[in-house]
Amino acid sequence: MLTMTGIGKSFLGVRVLRDVDLSVAAGEVHAVVGENGAGKSTLMKILAGVHAPDEGRIEIDGGPVSFGHPLDAQRGGVAIIYQEFNLLPERSVAENVFLGREPVRRGLVDRSAMEKATAELLDGLGVHSFRPRDLVRRLSVAQQQVVEIVKALSQNARIVVMDEPTAALAEHEVELLYRLVRRLQERGIAILYISHRLREVFDLADRVTVLKDGARVTTVPTAEVDTDELVRLMVGRELRDYYPPRAEPGSAGEALLSLRKAGNDRLRDIDLDLRAGEIVGIAGLQGSGRTELAKAIFGAEPFTHGEMTPLRPRSVRAAVRAGIGLVTEDRKAEGLALRQSVRDNALLVTRATGRGGGRSVKDLLAAVRISPPRPDQEVRYLSGGNQQKVVLAKWMTVAPKVLLFDEPTRGVDVGAKAAIHELMRGLAADGMAIMMISSELPELIGMSDRVVVLRDGAIAGELPAGPTEEAVMRLAAGEVAA
Amino acid sequence: MKRALPIFTVLLVLLIAIAASNPYFLEPPGFLAFLKRAAPLAILAAGQYFVIVAGEFDLSVGSLVTVEVVVAARLIDGDDSATWPVLALLIVIGLLVGLANGVITTALAVPSFITTLGMMLILSGAVFLWTGGAPRGALSEGFRAFGREELGPIPWSVLILLVVGAVAILLMRADFGRTLIAAGDNRRAASLSGVRVHRATIFAFAISGLSAAIAGILLGGFAGVSAQIGQGLEFQAITAVVLGGVVLGGGRGSVVAAMAGALTLEALFTLLNLHGISGALEFTVQGVIIIAAVAVGAVRLPFRPGASISPPMLKTKETP
Amino acid sequence: MKARPQAVQLRGGRVIAHLRDPAQAIYLALFAVLIIGWVLVTIDGGQFVTTENIVGIQQRSAALGIVAVGQTLAILAGSLDLSVAYLISLTSLVAAEAMTGGGMVPAIAVVLAVSALVGMVNGLVITKLKVHAFIATLGVALIIKGVVEHRYDGPAGDVTDSFQRLGYDRIGPVPVSALLWAGVAVAVWFLLRRTRLGYRIYAVGGDEEVARLSGVRTDRVVISAHVLCSICAGIAGLLLAARLGAGSPTVGTDGGYDLESIAAVVLGGTALAGGRGGVAGTVGGVLLLAVLDSIFNQLEVNSFFKDVVRGVVIVVAVAVYARRARERRTTA
């Protein structure tokens, strides 16, 4: 039904996709797997009409199509269900489903037809836990996902793309999703299923395509591979990434921060020590509580019970004053004031808290190796790598004892990535305790002196320096070794 | 500074145009008289700037100016010896009103548009409730000196304007100003960097209240006591700030440009008067120019809040 | 036997859900104020429930009510309109002048056309020139102000006798002006509930990006909301002209219809940021303000005290809504 051939795409001279082929048949579930940065989301955005491909062809039912706008894709029968839902919380389910295409009778919106159609679609999916008139904001995340799926069906979508659909779901909600996917399949809808979780791939998909570094590695029927094989295909790479040498085993100093049975509504029973000179990697699937752990230690979404030494911060300021810093996952939304200058961003923490200071901005920028150092430039004009270095500079002004990194190299080019890794190692060598969250397994393994794996808000296990990717994945996904 | 440049060009062109038809304008007394007239609005604009750059509005300054003048007249009642204590009281009133605006907006999460709109009703109601419907009493000579007399060749109000401008610039260069503008740009990033966003916002409102107190003192002296003295000033101040290239929604623009916006507005009034455009049509021209100025700014700047590609976090209004 | 407690529980849950809905809360507040007012006035030795008083409340609220219903559309769409006060003055003059020369019907048509044009300009400036609604409508307000004050310095024109009946006639205890208000409110309520435009006004105000991605032409929606808002202001201008028997350059600003209509909308529980609320709440908000007014009149309270109370009521109401919204987010 859908065929993509020879798709290529570059951003700012960086090739993120090259020569990718992908096809889905009616009634097929085709999984797309790969690590972060493998090019999955770019590929999907091309299909969604968000980006235009530089090379390659897209055909639907044998006819070539080109999507210049998300609406074109919608009319072409492609529906994408993003991780972030496109729903209006204050409107009802039916109103959301038919937004922009409300059925009318004699010039008036036919409410009952709309609700009836929605009810039928819900019925067809076997969903009875909510009704078309319910407000979307009252629904659970899983139910909102159902609304997105119903919206796709109401548009007569024949190709449905699901981007990490289980990321935000609780364990018991995944079952519902499985059922939905099978129903769609029965109706002859082609499904592209993007996921990190291999168990889902084996449970649902007919075929699986592995992407790596922007290229397709292989496409195989799921019946012909097993977990180990798939993991090997995903991560198997030439060891061309360079990571700075780890700390000497046993050289870690005293614990600068300790958690004992710490928890809140997203985390439970966390026991963790962050020691001077050590980089602790935090692994886990999306939704496992990694970011929540960092935010809790940082006082942004504080722990509500358990112990944290030297103190359990109840606010960000308290944490900063206690020598804790956080390099957030979403640089643009949470890390930087984009329209302010490099200088203003770099000095933000010290100005806000009255701590640290004394170092000249020039000095700081040199220390984090921003090139060229232009303190008066607005941060939004910098590359991702330089932006991240500004965030780092911001924290270095107050010389924290503990620095938490959430996805430190997301959206950062290769050169800056290596520089950030070296900076992190340098900070640790100077006696800082570092905790690093990363979805990129090679980075996590390459950088960490030990790896703590989270699952469902609790620690699933701990691995010593240099674990295999398979070991981390198994702990994170909660699978017993086959 | 780059973004502030257009307003200075416009101001310069207007000043040249005024001078062309009225050469007296170029002489020191002529120009100082212009500055004297413009001082209250420029001071209000400086205060309003702090609130807007933090991503809020202050609609209460107009009625606060009225309150200041009416209170002064009733309490002084022509008695020169009461001048200084009353001046101190006026400053305190301004600060308290601003403080109240800030606390209600931040702690109770009421959009500042509504907070300050309510404050506007409360202030004008309260002050006339107190005086019984119309201004009473009179200002003292000592009080009126600030608004209409000179120190040597230079009007007091111009001196005060310079001091206010200098303090505003220093504040914006200090840690407070830098963290305030960062919070206006990205509230979440600022608060995750340890900025006390609420406190900074409350300070901004207090500064705006203070500026209204100072503007009231100058206006009372300049124009005398009337119940309408502050009417519409809140909109003029906001207009001036926006003309200066400061963006509603926060995080962008300089205080100098905001004050230049106020001077531009006054220069515009002066020019229109010179060319015999009557008091009323002046408003029409003003309206066209404001829309045009902001539209030109919006079209040129790529990342404008409210533009089609802006993410929801840049929404200029708070969701209650 | 088992079903009963469940049903009771369900009903209890529903009552609480209703209380959380601002539109219902405002009517509850209105009811409470009516009771308190009745008690106070009675203690004071007056009579609260008189035909005169009821008519007074309706008369007072009709003009503001019509403007506020229009303002609701602009605010729901994520915008706001500061030009309504001057537009009311302008349309009152246009109506009176046109009626002096011609008949009633052409005059009404001209007024509606002028209003629609102003709304169109507001909408175009906001969507095409991308000027913040606050500045755009303030600018348009100034433009109208200039035109009006340039041409008139006092009441002008003459309204036909038959048209004046719109201002003061009543059918039983119901003034015609109140019927007009009710008509406008019902029409807009219907628009919001039953037409595509209504649905899309909520969508654009709720999340412009989501609306756009769903294929809604957001610019058109904002422009339409502004046109309708301005038409409502025009209708209010007609009503006020009928009442005054002439057009007046200050009738709009004297009534403070710009900020007061926004206040009434927000008091009725519509979110200032758009996308949530509705006409029912606005009607409640306007009635609440009118009833407060009426009580103060009966008690012969100083009119300035009314302003103070108004200000406090508005801020407190919005603070309560904000608190509810926060609780809802944390419990959801």
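Under an unreviewed UniProt entry, the name given to chain C is ABC transporter permease, and the source organism is Actinomadura craniellae. As recorded by UniProt, the Subcellular location (unreviewed entry) comment attached to chain C reads in full: "Cell membrane".

Named according to an unreviewed UniProt entry, chain A is Sugar ABC transporter ATP-binding protein originating from Actinomadura craniellae. As its UniProt record puts it under Subcellular location (unreviewed entry), chain A is described as follows: "Cell membrane".

J.: I'd like to hear about the overall build of chain C, residue by residue, with values.
T.: Each helix and strand counted, chain C has 15 helices and two strands in total. Relative to the 2.2 N^0.38 estimate, which gives 20 Å for 332 residues, the radius of gyration of chain C is 21 Å and therefore close to what a compact globule would have. Each principal axis of the C-alpha atoms in chain C carries an extent, and together these give about 75 × 60 × 35 Å. Across the 332 residues in chain C, those meeting the buried criterion constitute 55%. A sequence separation of at least 24 residues applies to 79% of the contacts in chain C between residues at least 6 apart.

J.: Which residues make up the interface of chain B and chain C, and what are the values?
T.: Of the residues lining the interface, 50 residues belong to chain B; the matching set on chain C comes to 49 residues. Interface of chain B and chain C: buried area, both sides summed, is about 4300 Å²; carbon and sulfur atoms make up 77% of it. Joining chain B to chain C, the criterion identifies zero salt bridges. The tally of links from chain B across to chain C stands at two residue pairs in polar contact (both at pLDDT 80 or more). Among the secondary structure elements, those contributing two or more residues to the side of chain B that touches chain C are helix 4 (83–107), helix 5 (112–131), helix 11 (233–243) and helix 13 (281–300) of chain B. Along the lines of polarity and charge, the residues of the side of chain B that touches chain C split into 33 nonpolar, 13 polar and four charged.

J.: Run through the packing of helix 3 (residues 61–76) of chain B against helix 10 (residues 197–223) of chain B, naming residues and quoting values.
T.: The relative placement of two packed helices comes down to the angle between their axes together with the axis-to-axis distance. Residues and elements named next belong to chain B. Where helix 3 meets helix 10, the closest approach of the two axes is 8 Å, and the angle between their N-to-C directions is 50°. Judged on the interaxial angle alone, helix 10 and helix 3 are oblique. Regarding helix 3 and helix 10, the two cross each other, and that crossing is right-handed. Between helix 3 and helix 10, the residues in contact are Val61, Leu64, Val65, Glu68 and Val69 and Ser208, Gly209, Ala212, Ala213, Ala215, Gly216, Leu219 and Gly220, respectively. When grouped by side-chain class, the residues that make up the contact of helix 3 with helix 10 number eight nonpolar, four polar and one charged.

J.: Would you mind going over the interface of chain A and chain C in detail, with residue names and values included?
T.: On the chain C side, the residues contacting the 21 residues of chain A number 21 residues. The interface formed by chain A and chain C includes three salt bridges. Between Glu90(A) and Arg276(C) there is a salt bridge, with the nearest N and O atoms lying 3.6 Å from each other. The interface formed by chain A and chain C includes seven residue pairs in polar contact (both at pLDDT 80 or more). Those elements that place two or more of their residues in the side of chain A that touches chain C are helix 2 (70–75), strand 8 (108–109) and helix 4 (111–124) of chain A. Top element by residues in the side of chain A that touches chain C is helix 2 of chain A. It accounts for three residues. For the side of chain A that touches chain C, a count of residues per class yields 10 nonpolar, three polar and eight charged.

J.: Got a sec to walk through the UniProt feature "transmembrane region" (unreviewed entry) in chain C? Specific residues and values, please.
T.: Sequence positions flagged by UniProt for "transmembrane region" (unreviewed entry) are, in local numbering, residues 25–43, 64–88, 108–126, 133–152, 172–192, 221–242 and 304–322 of chain C. Taken end to end, residues 108–126 of chain C has its terminal C-alpha atoms 27 Å apart, with 100% of it in helix and 0% in strand.

J.: Would you mind going over helix 6 (residues 141–148) of chain B in detail, with residue names and values included?
T.: Along helix 6 of chain B, the positions that sit buried rather than exposed are Phe143(B), Arg144(B), Ala145(B), Phe146(B) and Gly147(B). Considering only its buried residues, helix 6 of chain B is in contact with helix 2 (28–53), helix 3, helix 4, helix 7 (156–173) and helix 10 of chain B.

J.: Describe in detail the side chain of Glu234(B), supporting the description with residues and values.
T.: Its location among the elements puts Glu234(B) in helix 11. The side chain of Glu234(B) is buried and forms no salt bridge, while Lys145(C), the nearest opposite charge, is found at 9.9 Å. Polar contacts involving the side chain of Glu234(B) include one to the main-chain amide nitrogen of Gly62(B), which spans 3.3 Å. The contact partners of Glu234(B), leaving out residues within four places of it in the chain, are Gln48(B), Asp58(B), Leu59(B), Val61(B), Gly62(B), Ser63(B) and Met120(B).

J.: Describe the domain arrangement of chain C, naming the residues involved and giving the relevant values.
T.: Residues and elements named next belong to chain C. Partitioning chain C into structural domains gives domain 1 (50–300) and domain 2 (304–332). Facing the 13 residues of domain 1 at the interface are 11 residues of domain 2. Of the roughly 1000 Å² buried between domain 1 and domain 2 on both sides combined, carbon and sulfur atoms contribute 67%. For the interface between domain 1 and domain 2, the tally reads two salt bridges. One salt bridge in this structure joins Arg310 and Glu260, with 2.0 Å as the shortest N-O distance. Counting across the interface, domain 1 meets domain 2 through four residue pairs in polar contact (both at pLDDT 80 or more). Residue assignment for the side of domain 1 that touches domain 2 shows that the elements contributing at least two residues are helix 13 (257–267) and helix 14 (279–298). Broken down by element, the side of domain 1 that touches domain 2 gets its largest block of residues, six residues, from helix 14. Considering only residue class, the side of domain 1 that touches domain 2 consists of seven nonpolar, three polar and three charged.

J.: Explain the sheet that holds strand 13 (residues 255–263) of chain A to me, and be specific about the residues and the numbers.
T.: The strands that make up a sheet pair up through hydrogen bonds in the backbone, lying either parallel or antiparallel. Residues and elements named next belong to chain A. Spatially, three strands are ordered 14-13-16 in an open sheet, and the strand pairing comes out antiparallel. In this open sheet, the two strands that pair with only one neighbour each are strand 14 (270–275) and strand 16 (305–309). Across the sheet, the mean angle separating the axes of adjacent strands is 5° when strand polarity is ignored. Bridging between strand 13 and strand 16 involves four bridges; their strand directions are antiparallel. Note on strand 16: the bridge partner recorded for Leu259 is Met308. The strands that helix 9 (residues 290–297) touches are strand 13, strand 14 and strand 16; relative to strand 13, the one it contacts most, it runs at about 115°.

What counts as what
- Residues numbered from 1 in each chain as written.
- Chains lettered and ligands numbered in written order.
- Predicted model: local features only at pLDDT ≥ 70, side-chain atom pairs only at ≥ 80, totals over all residues.
- Heavy atoms only, no water.
- UniProt positions renumbered as here; feature names shortened; annotations may be inferred.
- Helix = DSSP H or I, 4+ residues; strand = E, 2+ residues; numbered from the N terminus.
- Rg over C-alpha atoms; globule rule 2.2 N^0.38 Å.
- Buried < 20%, exposed > 50% of the residue type's maximum accessible area, 1.4 Å probe, protein only.
- Contact = heavy atoms within 4.5 Å.
- Buried area = accessible area lost by both parts, 1.4 Å probe.
- Salt bridge = Lys/Arg side-chain N within 4 Å of Asp/Glu carboxyl O.
- Polar contact = N/O pair within 3.5 Å; in protein donor to acceptor, adjacent residues only side chain to side chain.
- Nonpolar A, V, L, I, M, F, W, Y, C, P; charged D, E, K, R; others polar.
- Axes fitted to C-alpha atoms, helices over the stretch in contact; angles between N-to-C directions.
- Parallel < 35°, antiparallel > 145°, perpendicular 65-115°, else oblique.
- Left-handed = near helix turned anticlockwise from the far one by under 90°.
- Lys, Arg positive; Asp, Glu negative; His and termini not counted.
- Domains from an automatic or database assignment.
- Pairing = 2+ DSSP bridges.

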